[in-house]
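Remarks on the overall topology
Okay, here's what each chain looks like letter by letter:
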Amino acid sequence: MEERWSTEHVLSLAPDAASQKAAGKLSTPAPWSAAGTDGTALWGECRGSGSTPYRTVIELATPAYRCSCPSRKFPCKHALGLLLLWSGTPEAVAAAEPADWAADWLAARRERAAIPSAQATADPAAARRRAEKRGARVAAGAAELRLRLADRIRHGLADRSTAGPWEEVAARMVDAQAPGLAARVRELDGLPQERLLEEYAMLHLLATAATRIDELPAGLAATVRTRVGYTTDAAEILAGPTVRDRWQVLGSRTAPMGDGGDDRLTTRRVWLRGAKTGRPALLLAFGRPDQAPDLAVPTGHLLEAELAFHPAARPLRAALGTRYGAPEPGPAAPPTGLTVAEAVAGYGTAVADDPWLDAWPTVLAGVVPVRTPEGWQLTDGHHTVPVRPSAVPEPALWRLAAVSTGRPLTVFGEYGHQGFAPVTAWAGDHRPIGLTTA
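One structure accompanies this document, and this report is about it. (Residues numbered from 1 in each chain as written. Predicted model: local features only at pLDDT ≥ 70, side-chain atom pairs only at ≥ 80, totals over all residues. Heavy atoms only, no water.)

What follows covers the sheet that holds strand β11 (residues 359-372). Strand order in the open sheet formed by six strands is β13-β12-β11-β14-β15-β16, and the pairing between neighbours is antiparallel. Sheet topology places β13 (384-386) and β16 (433-434) at the edges, where each strand pairs with a single neighbour. Pairing geometry for strand β14 (residues 409-416) and strand β15 (residues 419-426), over seven bridges, is antiparallel. Following the sheet pairing, Glu 414 is matched in β15 by Ala 421. Sitting on the sheet, helix α12 (residues 394-404) touches β11, β12 (375-379), β14, β15 and β16, and the angle it makes with β11 is about 75°. (Pairing = 2+ DSSP bridges. Helix = DSSP H or I, 4+ residues; strand = E, 2+ residues; numbered from the N terminus. Contact = heavy atoms within 4.5 Å. Axes fitted to C-alpha atoms, helices over the stretch in contact; angles between N-to-C directions.)

A word on the environment of Pro 393. By the element assignment, Pro 393 lies in the loop between β13 and α12. Once the C-alpha coordinates of Pro 393 and Leu 435 are considered, the two residues, 42 residues apart in sequence, prove to be 8.0 Å apart.

This paragraph deals with the side chain of Glu 45. Secondary-structure assignment places Glu 45 in strand β2 (residues 41-46). When its relative accessible area of 17% is taken as the criterion, Glu 45 is described as buried. Only 3.3 Å separates the side chain of Glu 45 from the side chain of Arg 55, close enough to count as a polar contact. (Buried < 20%, exposed > 50% of the residue type's maximum accessible area, 1.4 Å probe, protein only. Polar contact = N/O pair within 3.5 Å; in protein donor to acceptor, adjacent residues only side chain to side chain.)

A separate point is the packing of aromatic side chains. Within the structure shown, the criterion is met by seven aromatic pairs. On the numbers, 6.3 Å between centres and 55° between planes, the contact of Trp 247 with Phe 309 is tilted. With Trp 247 in strand β6 (residues 243-256) and Phe 309 in strand β9 (residues 302-309), this residue pair connects regions lying 62 residues apart in the sequence. Overall, the relative accessible area of 13% leaves Phe 309 in the buried class. Stacked on the ring of Tyr 230, the Lys or Arg Arg 134 has its end atom at 4.1 Å from the ring centre. (Phe/Tyr/Trp six-rings, centres within 6.5 Å; stacked < 30°, edge-to-face > 60°. Lys NZ or Arg CZ within 6 Å of the ring centre and 35° of its normal.)

Put simply, helix α2 (residues 17-24) and helix α3 (residues 77-88) touch, their axes get as near as 8 Å, and they point 55° apart. The orientation of α2 with respect to α3, classified from their angle, is oblique. For the pair α2 and α3, the sense of crossing is right-handed. For the pair α2 and α3, contact is made by Ser 19, Ala 22, Ala 23 and Gly 24 and by Lys 77, Leu 80, Gly 81 and Leu 84, respectively. (Parallel < 35°, antiparallel > 145°, perpendicular 65-115°, else oblique. Left-handed = near helix turned anticlockwise from the far one by under 90°.)

The two faces of a sheet get side chains in turn, since along a regular strand they alternate between them. Here β2 lies mainly inside the structure; six of its six residues are buried. Side chains of β2 alternate between two faces, with Ala 41, Trp 43 and Glu 45 and Leu 42, Gly 44 and Cys 46 buried alike. By the bridge criterion, four bridges tie strand β1 (residues 32-37) to β2 in an arrangement that is antiparallel. Paired with Ser 33 across the bridge in β2 is Glu 45. Pairing of β2 with strand β3 (residues 54-59) involves six bridges; the strand directions are antiparallel. Paired with Cys 46 across the strands is Tyr 54, a residue of β3.

Now for the packing of helix α8 (residues 193-210) against helix α9 (residues 218-228). Closest axis-to-axis distance for the α8/α9 pair is 10 Å, and the angle between their directions is 115°. By crossing handedness, the relation of α8 to α9 is classed as left-handed. Residue-level inspection shows Leu 206, Ala 209 and Ala 210 of α8 in contact with α9, the latter providing Val 224, Arg 227 and Val 228. Considered class by class, the residues forming the contact of α8 with α9 number five nonpolar, no polar and one charged. (Nonpolar A, V, L, I, M, F, W, Y, C, P; charged D, E, K, R; others polar.)

Okay, the nonpolar core next. Core analysis: the biggest nonpolar cluster contains 34 residues, and Leu 364, Leu 378, Val 385, Phe 412 and Phe 420 have the highest contact counts within it. Of all the secondary-structure elements, those providing two or more residues to this core are α11 (340-353), β11, β12, α12, β14 and β15. Per-element accounting of this core gives the leading share, five residues, to β15. Look past the residues within four positions of Phe 412 in its chain and what remains in contact with it is Leu 250, Gly 251, Trp 271, Pro 361, Thr 362, Val 363, Phe 420, Pro 422, Val 423, Thr 424 and Trp 426. Residues Leu 181, Leu 191, Ala 210 and Ile 213 belong to the second largest nonpolar core, which totals 26 residues. (Core = buried A, V, L, I, M, F, W, Y, C linked by side-chain atoms within 4.5 Å.)

Further remarks concern α11. One full turn of an α-helix is made of 3.6 residues, so residues set three or four places apart face in the same direction. Compared with an ideal rise of 1.5 Å per residue, which puts 14 residues at 20 Å, α11 spans 21 Å between its outermost C-alpha atoms and is within 8% of the ideal. Looking at α11, one finds that the buried residues are Val 340, Ala 343, Tyr 347 and Ala 350. Around the axis of α11, the buried residues are gathered within 80° of arc, so they sit on the same side. Residues of α11 that are buried make contact with β11, β12, β13 and β14. (Expected span 1.5 Å × (residues − 1). Arc of directions from axis to C-beta.)

With 18 residues, α8 extends 26 Å from end C-alpha to end C-alpha; this agrees with the ideal 26 Å at 1.5 Å per step. Of the residues making up α8, those classed as buried are Leu 196, Glu 199, Tyr 200, Leu 203, Leu 206, Ala 207, Thr 208, Ala 209 and Ala 210. Looking at the packing, one finds that the buried side of α8 touches α5 (124-155), α7 (179-188) and α9.

One ladder, built from eight bridges, connects strand β7 (residues 266-274) with strand β8 (residues 280-287); its direction is antiparallel. Within the sheet, the bridge partner assigned to Thr 267 lies in β8 and is Phe 286. With antiparallel pairing between neighbouring strands as the criterion, β7 and β8 make up a hairpin whose turn holds five residues, including Gly 278 at a positive phi of roughly 70°.

Turning next to the sheet that holds β3. Reading across from one edge, β4-β3-β2-β1-β5 is the order of the five strands in this open sheet, with mixed pairing throughout. Each of the sheet's edge strands pairs with one partner strand only, and the pair in question is β4 (64-67) and β5 (94-95). For β3 and β4, the ladder comprises four bridges, and the chain directions are antiparallel. Residue pairing across strands places Glu 59 opposite Ala 64, the latter belonging to β4. Packed on one face of the sheet, α3 meets β1, β2, β3 and β4 and runs near 65° to β3.

Such coordinate-based values are descriptive only and should not be taken to indicate function.
Rendered as structure tokens:
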């Protein structure tokens, strides 16, 4: 019998809270007929307000969805409801061969996947000229930013009478084709006074590096380009070296993209660890309004696949290449972790490679959540690390404390200079508990 997804994971796929609520009403057998599964897909017919039921089919490996309803949300409430039914009431979804209409859609998906995408033939000389032109613009914008920062320091951090908002400087960075610098500049207006000097220094360091990219070691130069705002197409990354492993899903988080954009746009972060290599990896997927990001793998599962890592001084972000089968249930035991002291040292090593690194994925072993007057903390009995403010909803942390009952847990999250941001927890040999929602 195939491994069912948790209710928590299914709900994490929803494009919004309204879809979650509507799906809950469709998670019982009553509205469904001919619901079935062959272990790789789900299908069923859901009774609606009309005479013709809605036909819903879900391919589980990707996952991918198809429904005959007119909803513009993706996945729709029917797809989510069918997943909840399969997850919570498995006897209501019979093992069977796909219905003809479901089989046709699944076969069409397989055929499309088998057709290699046509690669446009690029003009190397034109590409080189475009790169040189952008490089000059970025360098000029970075040089201007250094002057602006120096002016602010010269007038003093407390004197804002002669200094306007940073939005105008951010717009100049956009003109210079440096969106990464623009995003960091926009954040300056909202920072408390005590953090300004620190952020000015880090931004000045990045701007300086952006004017000298060609002089930097290859890994650091790639890191600077990424921080400045250069992007690399996934197809280009996948054309390079790949790492095949059985990747354990340590956790995921879906949140608004931010940076002044439409808050309906979302990004999903999925953290992996190689079972053989022990290498960490981060996958990113993006969702448009009313559409959840398409990357969804249950926490704790193992995914055998090839990953191609983006170049960096300390590579972490990766593109997902060839998959070898559907995700499989992972080991019952929690992943191996570090002490708090080891986690601090690990982050220090990572920062030595990437000075602008805010946090690094970390598994803490044997920690207990504690609520103090200063806020939530995780302690292993020897050292304590604060939970990063606003990183996790308060109800989720109380849930974590209830699961712990004072006993040590294994917790995965991101550790950085502002503290630890928990994502997933394991209590003994129990299934992982997601902490990114209440």
